[in-house]
Amino acid sequence: WLKPFWLKLTRRFTDTSDRAQPCADAPGLLGKMQNDEGRIVDLYLPRKCSATNRLIPAKEHGAVQLNVGMVDEAGRYTGEFFTFALAGFIRQRGESDSCLNRLLHEKGLLTFSK
């Protein structure tokens, strides 16, 4: 005898045996990652576009992240840098260069004087 399709679906969605259970050490934490000190850490932190503040999804292949390094008077790298992330949306519209110029000007890294 074959069971109806909808009966299989309701059983699958109401079965709780495969759901994550809270750990005994920390009640109330369900499926959270912890480091050795006991602090809660996430596996994935999404990036935000520096120009538009939009979230950049993990699967967006058009986005870029740039590290702009600081140099001293002799032109040597000092170890400091600024990180900028640009979404593929901005790059596709052809506005990434103007947005990057604006971001660099806001940080004081670029001047428009002659």
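Scroll up to find the structure this text is about.
Keep in mind the model is a prediction, meaning the values are calculated, not measured. (Residues numbered from 1 in each chain as written. Predicted model: local features only at pLDDT ≥ 70, side-chain atom pairs only at ≥ 80, totals over all residues. Heavy atoms only, no water.)

### Observations concerning the overall build of the chain
Right, so step 1: Summing up its helical and strand segments, the chain has 3 helices and 6 strands in all.
Right, so step 2: Reading the chain from its N end, one meets helices and strands in the order α-β-β-β-β-β-β-α-α.
Right, so step 3: The buried share of the chain, reckoned over its 114 residues, is 13%.
Right, so step 4: Within the chain, contacts between residues at least 6 apart in sequence are counted, and of these 31% link residues at least 24 apart. (Helix = DSSP H or I, 4+ residues; strand = E, 2+ residues; numbered from the N terminus. Buried < 20%, exposed > 50% of the residue type's maximum accessible area, 1.4 Å probe, protein only. Contact = heavy atoms within 4.5 Å.)

### Examining the pairing of strand 5 (residues 64-71)
Right, so step 1: Sheet topology places strand 5 next to strand 6 (residues 77-86); 7 bridges connect them, and they run antiparallel. Across the sheet, Gly69 pairs through a bridge with Phe81, a residue of strand 6.
Right, so step 2: Taken together, strand 5 and the strand that follows it, strand 6, pair antiparallel across an intervening segment of 5 residues, in which Gly75 is found at a positive phi of about 90°. (Pairing = 2+ DSSP bridges.)

### Description of the environment of Thr78
Right, so step 1: Following the sequence through the fold, Thr78 ends up in strand 6.
Right, so step 2: Excluding residues within four positions of it along the chain, Thr78 makes contact with Met70, Val71 and Asp72.

### Section: the nonpolar core
Right, so step 1: By size, the foremost hydrophobic cluster in this structure holds 13 residues, and its most contacted members are Cys49, Ala51, Ile56 and Phe84.
Right, so step 2: Only strand 6 and helix 3 (96-106) provide two or more residues apiece to this core.
Right, so step 3: Ranked by residue count, the leading element in this core is helix 3, at 4 residues.
Right, so step 4: Beyond its immediate chain neighbours, meaning those up to four positions away, Ala51 contacts Ala85, Leu86, Cys99, Arg102 and Leu103. (Core = buried A, V, L, I, M, F, W, Y, C linked by side-chain atoms within 4.5 Å.)

### Concerning the environment of Ser98
Right, so step 1: Assignment of secondary structure puts Ser98 in helix 3.
Right, so step 2: Exposure remark for Ser98: the relative accessible area of 41% places this residue in the partly exposed category.
Right, so step 3: Once the C-alpha coordinates of Ser98 and Ala51 are considered, the two residues, 47 residues apart in sequence, prove to be 9.8 Å apart.
Right, so step 4: For Ser98, the side chain forms a polar contact with the main-chain oxygen of Glu95, separated by 3.1 Å. (Polar contact = N/O pair within 3.5 Å; in protein donor to acceptor, adjacent residues only side chain to side chain.)

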